[in-house]
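Coordinate inspection notes
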Amino acid sequence: MKHRIFIVLISITFLISILITRLFWLQVMPMFSGDSLTKQAVAQRKQSVQIMSGRGHIVDPNGVPFTGETIQSLAVFPAHMAHINTQSTTEEVLQWDTLASILQSSTQSLKEEWSGEVYPFLWSDEHGDPVSLSSEQVQQLEGIYFPGLLVVPYEKRYRPPYIASHLVGFVSEHPEAVLDTYAHGQQHHHIDVYSEIGASGLEKSMNTYLKSVGATEISTFVDGRGNPMEEIGMTLSMPNHKYYPVELTMSVQYDVQAEVEAVIDLYLQHRPFITKTAAVVMDVEEQEIVAMVSRPSFNPEHITGDTWSNHAVKAEIPGSIFKLIVAAAALENGVVNEEDTFQCDGAYGKYGFVCWKRDGHGVIDVEQAIAQSCNIAFAEMANRLTATEIEGFAQKLGVLSKVGNDVDEEENGQVFAAGTNGDDEGVKIQTAIGQRDVLMTPLQAANLMVTFLHEGNVKQPQIIKKITFKNGSTVQEEDEMLYDSTLSPKTVQFMQQAMQAVVTNGTGSALQYLNWDVAGKSGTAQVAETNEVNEWFIGYGPVNNPKYAIAVMVRDTVQTSTHEATVLFGELMELWSEQKNSDIP
């Protein structure tokens, strides 16, 4: 008997301890967390709809936004619509019919859509996107009395037609990433596990600056039964931070980016066999990116597959554009001079290595080897260099490292894969023509053109010009010298002359129609064991006063009599070549 009483007393003591602990948690702990019971009670009674995320925005140098579009939307507060689930009076039926007419829907559809809702929401389409109301609809809605409905300004994150979407990127909920990044400071950073964070592009690489410090919300308050507390009414709350949200100014101009995308899209429209392509346009003097395009395109509001992947910063097999690096390395290392000649009979004589011109180029000098893209001549040049000299020169010219500091997803370039004996003759001659293990990104290729026009000095292409905080203070992004690899004036002049010869009498002669005289280098790379190729053209114009450098890459396409990358390069350069060289200021 005593044993049973003892057990009962222990059980009662245990339960009392639990109650005391719970009371302590409710009464004392809020003092340390900053949340009083009153605040918690209010929070439980608060029902909100978000109309602005609070993320910073991305704009062009003229302030034209790439992100953020404000639309008029309809906020629905079910707590204020008690009559939605009851038999409607004649007057209420008329109200519903009038509302349905304004919204171009039906009373039945609206009731079915809204009746199961408890918390406030924005009226949305079948994709879950808030519906944009016309000015006429807004005016009509403001002219009727319908409890629980409110026309509100809603800020969409992205603006159709989603210009520069790959560069800008997209946001998404990523609880694991939030926990990993903000494990010890979610409250300090005003972020929870369901906050949207940058998932790609500048949204991701600049998330530290762009992240929200609080959303703008419209709220209503309900009692314990879910009925609206009319005495409080609706409230508008927004963050009041000194520095955030910020505005990121890109070097990319909205109208230029839109024009480049339009040219590429029109070109691809008539070539269904091209599914992946990329182009980078750089301002030669400012050494900054003015346009970056990747296709296929994607909608940042609704992601499908890997269409969001930015091919402009993905490393691909470059083919013969890599010959420019081999030629410059041979000249600078003194193993070749401008007067040297090579004998091309169409085949190297071993390893099955042949020239694209099967009957050969005959005797050919260095300039024409570049202009005609002679494989045999470059195999001979590579044999006079060590693997270290080739790889080292590629590094000096900035095609092995990431060059775009703020660009997400950018990959490193490559000359030799890990474990490859670069001094093996068979490996070296394949490398010399940009095959085997060689990889380069279109961004690195465009920057290579700018590097040749700046005496071999490799600078980081600028993409973010400045960051403007809410209080007006700014941080200017400075140019960064990546490699001070100054080439000799003689090599610089020769390389520019050889790239001009590519257009005047070489593989790029199809570009002679342009109003501007341009220079550059074409490339065609075999992709693994398939019949597909990567086609490239990198170049600049006008020759006598270079303004723009462009890299075009057409990936995994079928090889035809038309070199697609060269043609697309010409169409892009045509955007600026409306004046003759002498007319350029």
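Note that residues are indexed from 1 along each chain, following the sequence as it is written. In view of the model being predicted, local features appear only for residues whose pLDDT reaches at least 70, and side-chain atom pairs are presented and counted only at 80 or more, with totals across whole chains, interfaces and linings using the full set of residues. Side-chain descriptors were evaluated using all non-hydrogen atoms of the structure, hydrogens and water having been removed beforehand.

**Focus on the sheet that holds strand E4 (residues 121-122)**
Worth spelling out the cut-off: DSSP bridges decide pairing: two strands pair if at least two such bridges lie between them. Only DSSP runs of H or I reaching four residues or more are called helices, and only runs of E reaching two or more are called strands; each is numbered from the N terminus.
Pairing is antiparallel across the open sheet formed by three strands, whose spatial order is E4-E3-E5. Whereas interior strands pair on both sides, the edge strands pair on one side only; in this sheet they are E4 and strand E5 (149-158).

**Remarks on the pairing of strand E12 (residues 288-295)**
Definition in use: Buried, partly exposed and exposed residues are distinguished by accessible area as a fraction of the type maximum, computed with a 1.4 Å probe on protein chains only: under 20%, between the cut-offs, and over 50%, respectively.
With eight of eight residues buried, E12 is to be regarded as a mostly interior element. Hairpin geometry of strand E11 (residues 276-283) and E12 is characterised by an intervening segment of four residues between the two adjacent antiparallel strands and by a positive phi of about 55° at Gln287.

**Here we look at the confidence of the model for the protein chain**
As a reminder of what qualifies: Every residue is assigned a pLDDT by the predictor, reflecting its confidence on a scale from 0 to 100. Any two residues having at least one pair of non-hydrogen atoms within 4.5 Å are treated as being in contact.
In this model, the protein chain carries an average pLDDT of 87, and 85% of its residues clear a pLDDT of 70 or more. Predicted confidence is poor over residues 579-585, with pLDDT under 50, and the contacts of this stretch with residues over four places away or in other chains come to 15 contacts.

**Section: the pattern of salt bridges**
A side chain of one charge can pair with a side chain of the opposite charge if their charged atoms are brought near each other. Short version of the rule: Salt bridges, as used here, are contacts in which a Lys or Arg side-chain nitrogen is within 4 Å of a carboxyl oxygen on Asp or Glu.
The final tally for this structure, using the stated rule, is 14 salt bridges. Among the ionic pairs, Arg295 bridges to Asp265, the shortest N-O distance being 2.6 Å. Of this pair, Arg295 sits in strand E12 while Asp265 sits in helix H11 (residues 254-269); the two residues are 30 residues apart in sequence, bridging distant segments of the chain. Arg295 gets classed as buried once you look at its relative accessible area, which sits at 6%. Looking at Asp265, the relative accessible area reads 33%, which means it is partly exposed. Between Glu425 and Lys350 there is a salt bridge whose closest N-O contact spans 3.0 Å. Of this pair, Glu425 sits in helix H16 (residues 425-432) while Lys350 is found in the loop between strand E13 (341-344) and strand E14 (362-365), placing the two residues 75 residues apart along the sequence. Since its relative accessible area comes to 21%, Glu425 is described here as partly exposed. Because the salt bridges share partners, they merge into one network encompassing Arg55, Arg157 and Glu203.

**Section: the nonpolar core**
How we decide: Grouping buried Ala, Val, Leu, Ile, Met, Phe, Trp, Tyr and Cys residues that are joined through side-chain atoms within 4.5 Å yields what is termed a nonpolar core.
Ranked by size, the top nonpolar core spans 128 residues in total, and within it Met250 and Phe452 carry the most contacts. The dominant element in this core, judged by the number of residues it contributes, is helix H12 (residues 323-332), at eight residues. Phe452 has contacts with Leu324, Ala328, Leu397, Leu487, Val492, Met495, Gln496 and Met499, leaving out every residue within four places of it along the chain. Grouped together as the second largest cluster of nonpolar side chains are 17 residues, Leu74, Met81, Leu103 and Leu141 included.

**Some points on the layout of surface pockets**
To be explicit about the condition: Here a cavity means grid points, on a 1 Å grid over the protein atoms only, where a 1.4 Å probe fits yet cannot get out; a pocket means an open set of points with protein on both sides within 12 Å along at least five of seven lines; lining residues are those with an atom within 4 Å of a point. Grid points are joined across faces, edges and corners, and a volume is the space filled by probe spheres set on the points.
As a volume, the second largest pocket reaches approximately 860 Å³. Lining of the second largest pocket is provided by 30 residues; of these, Trp356, Asn375, Gln435, Thr524 and Gln559 occupy positions nearest its centre. Sorting the residues of the lining of the second largest pocket by element identifies strand E19 (519-526) and strand E20 (532-541) as the ones contributing at least two each. Among the elements that take part in the lining of the second largest pocket, E19 stands out by supplying five residues, more than any other.

**Side note on unusual backbone geometry**
With an omega of 5°, the peptide bond running from Tyr244 to Pro245 counts as cis. Of note, Pro245 is situated in the loop between strand E9 (235-237) and strand E10 (247-250). In this structure, Pro542 follows Gly541 across a cis peptide bond, with omega equal to -10°. One can find Pro542 in the loop between E20 and strand E21 (548-558). Here Arg436, not a glycine, exhibits a phi torsion of approximately 55°, which is positive. The residue Arg436 is located in the loop between H16 and helix H17 (442-452) in this model. Judged by relative accessible area, Arg436 falls into the partly exposed class, the value being 46%.

**Concerning the state of the cysteines**
The following threshold applies: Disulfides are defined as pairs of cysteine sulfur atoms found within 2.5 Å of each other.
Counting across every chain of the model gives zero disulfides. Cys374 supplies the cysteine sulfur nearest to Cys344, a cysteine that is in no disulfide, at a spacing of 3.6 Å.

**Quick word on the packing of aromatic side chains**
Rules: The pairing test for Phe, Tyr and Trp rings, Trp by its six-membered ring, is centres within 6.5 Å, and the orientation test on the planes gives stacked under 30 degrees, edge-to-face over 60, and tilted for anything in between. Either the NZ atom of lysine or the CZ atom of arginine qualifies as a charge over a ring when it sits within 6 Å of the ring centre and within 35 degrees of the ring normal.
Scanning all chains against the criterion turns up 11 aromatic pairs. Between Trp96 and Trp114, the aromatic rings sit 6.0 Å apart at their centres with planes inclined by 50°, giving tilted as the arrangement. Taken together, the positions of Trp96 in helix H4 (residues 90-102) and Trp114 in helix H5 (residues 107-114) put the pair 18 residues apart, joining distant regions of the chain. Comparing Trp96 with Trp114 shows no difference in burial state: the two are buried. The structure contains a cluster of three or more aromatic residues connected by ring pairs, namely Trp96, Trp114, Phe121 and Phe146. Across the ring face of Tyr267, the terminal group of Arg271 is positioned such that the distance to the ring centre comes to 3.6 Å.

**A short note on the environment of Ser132**
Turning to its location among the elements, Ser132 is positioned in the loop between E4 and helix H6 (135-142). Sequence-wise, Ser132 and Lys156 are 24 residues apart; in three dimensions their C-alpha atoms are separated by 10.0 Å. In this view, Ser132 contacts Ile71, Gln72 and Gln137; residues no more than four positions away in its chain are not counted.

**Describing empty space enclosed by the protein**
For clarity, the threshold we go by: Only Asp, Glu, Lys and Arg are considered charged, only Ala, Val, Leu, Ile, Met, Phe, Trp, Tyr, Cys and Pro nonpolar, and every remaining residue, Gly among them, polar.
Taken as a whole and judged by the stated rule, the model has two cavities of 30 Å³ or more. The wall of the largest cavity is formed by Phe66, Tyr158, Arg159, Tyr162, Ile163, Ser165, Val168, Gly169 and Pro300. Residues belonging to the lining of the largest cavity are distributed by class as follows: six nonpolar, two polar and one charged. In this model, the second largest cavity occupies a volume close to 30 Å³. Every residue along the wall of the second largest cavity is listed here: Ala164, Ser165, His166, Leu167, Gln257, Glu261, Met292, Val293, Ser294 and Arg295. Every element with two or more residues in the lining of the second largest cavity is listed here: helix H7 (165-168), H11 and E12. The element contributing the most residues to the lining of the second largest cavity is E12, with four residues. Each residue belonging to the lining of the second largest cavity can be placed in one class, and the counts come to four nonpolar, four polar and two charged.

**Structural notes on the sheet that holds E12**
Selection rule: Here an axis means a line fitted to C-alpha atoms, over the contact stretch when the element is a helix, while the angle between two N-to-C directions is reported on a 0 to 180 degree scale.
Strand order across the open sheet formed by five strands is E12-E11-E21-E20-E19, with antiparallel pairing between neighbours. Each edge of the open sheet is held by one strand with a lone partner, namely E12 and E19. Taken pair by pair, the neighbouring strands of this sheet meet at an average axis angle of 10°, ignoring direction. With seven bridges connecting them, E11 and E12 associate as antiparallel partners. From the neighbouring strand, Thr277 faces E12, where its bridge partner is Arg295. Strands E19 and E20 of the sheet are contacted by helix H18 (residues 489-505), whose axis makes an angle of about 70° with E19.

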